[in-house]
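In case you want the letters, here they are:
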Amino acid sequence: GCTYSVGFNLGTIGTQDPASVKRFELAPNPGHGPVRVEVELAEAAHLRLQVFDATGKLVLESDDWFAETLQQPLQFDGHAPGTYTFLLYLNGQT
């Protein structure tokens, strides 16, 4: 059988309210294939995740969640290796 993998690296660029985000992690990082996003907040909030490729194209968008902690798998099958931007929205704001 064939396998396909996608590489990515995660770095935090900034947040509007860093105190509200206790932890934001993707594992494995760098990684390929399915990844797990883990978020821990100071208090429960509405969460949504968007992932963009290096050209700015939206390649993945999560469902809306309401949680204080979240562990969610993401599928990256079919996306090219490279650098991706992950935007985490809390109550509608990045």
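Per chain, residues are indexed from 1 in the order of the written sequence. pLDDT decides what is reported in this predicted model: residues at 70 or higher carry local features, side-chain atom pairs at 80 or more are listed and counted, and totals for whole chains, interfaces and linings draw on all residues regardless. Side-chain figures throughout are based on the complete set of non-hydrogen atoms in the structure, without hydrogens or water.

**A closer look at the overall build of the protein chain**
Counting its regular elements, the protein chain contains zero helices and five strands. Going from the N terminus to the C terminus, the protein chain shows its helices and strands as β-β-β-β-β. When checking whether two residues touch, look at their non-hydrogen atoms; a contact exists if any pair is within 4.5 Å. Counting only contacts in the protein chain whose residues sit at least 6 apart along the sequence, the fraction spanning at least 24 positions is 56%. Summed over its atoms, the accessible surface of the protein chain is roughly 5,800 Å², and 50% of this surface lies on carbon and sulfur atoms. Starting at the N terminus, helices and strands are each numbered in turn, a helix being any DSSP run of H or I of at least four residues and a strand any DSSP run of E of at least two. Residue burial considers only the protein chains on display, and all accessible areas are found by Shrake-Rupley using a 1.4 Å probe.

**Here we look at the environment of Arg48**
Tracing the sequence through the fold places Arg48 in strand S2 (residues 35-52). Only 2.5 Å separates the side chain of Arg48 from the side chain of Glu61, close enough to count as a polar contact. Whenever a nitrogen or oxygen atom comes within 3.5 Å of another N or O atom, the pair is scored as a polar contact, on the condition that within protein one atom can donate a hydrogen and the other can accept it, and that pairs from neighbouring residues in sequence are kept only if both atoms are in side chains.

**Description of the pairing of strand S3 (residues 58-61)**
Examined bridge by bridge, S2 and S3 share three bridges and lie antiparallel to one another. By the bridge assignment, Val51 is partnered in S3 with Leu60. Counting the residues that bridge the hairpin from S2 to S3 gives five residues, and of these Gly56 lies at a positive phi of roughly 95°. DSSP calls a pair of strands paired once it identifies at least 2 bridges connecting them.

**With respect to the packing of aromatic side chains**
Each aromatic pair joins two rings of Phe, Tyr and Trp (for Trp, the six-membered one) with centres within 6.5 Å, and gets the label stacked for planes under 30 degrees apart, edge-to-face for over 60, and tilted for any other angle. Under the criterion given, the structure shown has zero aromatic pairs. Over the aromatic face of Tyr89 sits the side chain of Arg48, whose NZ or CZ is 4.5 Å from the ring centroid. In this analysis the charged atom, NZ for Lys or CZ for Arg, is taken to sit over a ring once it is within 6 Å of the ring centre and within 35 degrees of the ring normal.

**A look at the pattern of salt bridges**
When a carboxyl oxygen of Asp or Glu lies within 4 Å of a side-chain nitrogen of Lys or Arg, that pair is called a salt bridge. Applying the stated criterion to the full structure yields six salt bridges. Across the salt bridge formed by Arg48 and Asp64, the nearest N and O atoms sit 3.6 Å from each other. Remark: Asp64 occurs in the loop between S3 and strand S4 (65-74) and Arg48 occurs in strand S2; sequence separation between them is 16 residues. Taken together, the salt bridges that share partners define one network made up of Arg23, Glu25, Arg36, Glu38 and Glu40.

That is the geometry; function is a separate question.
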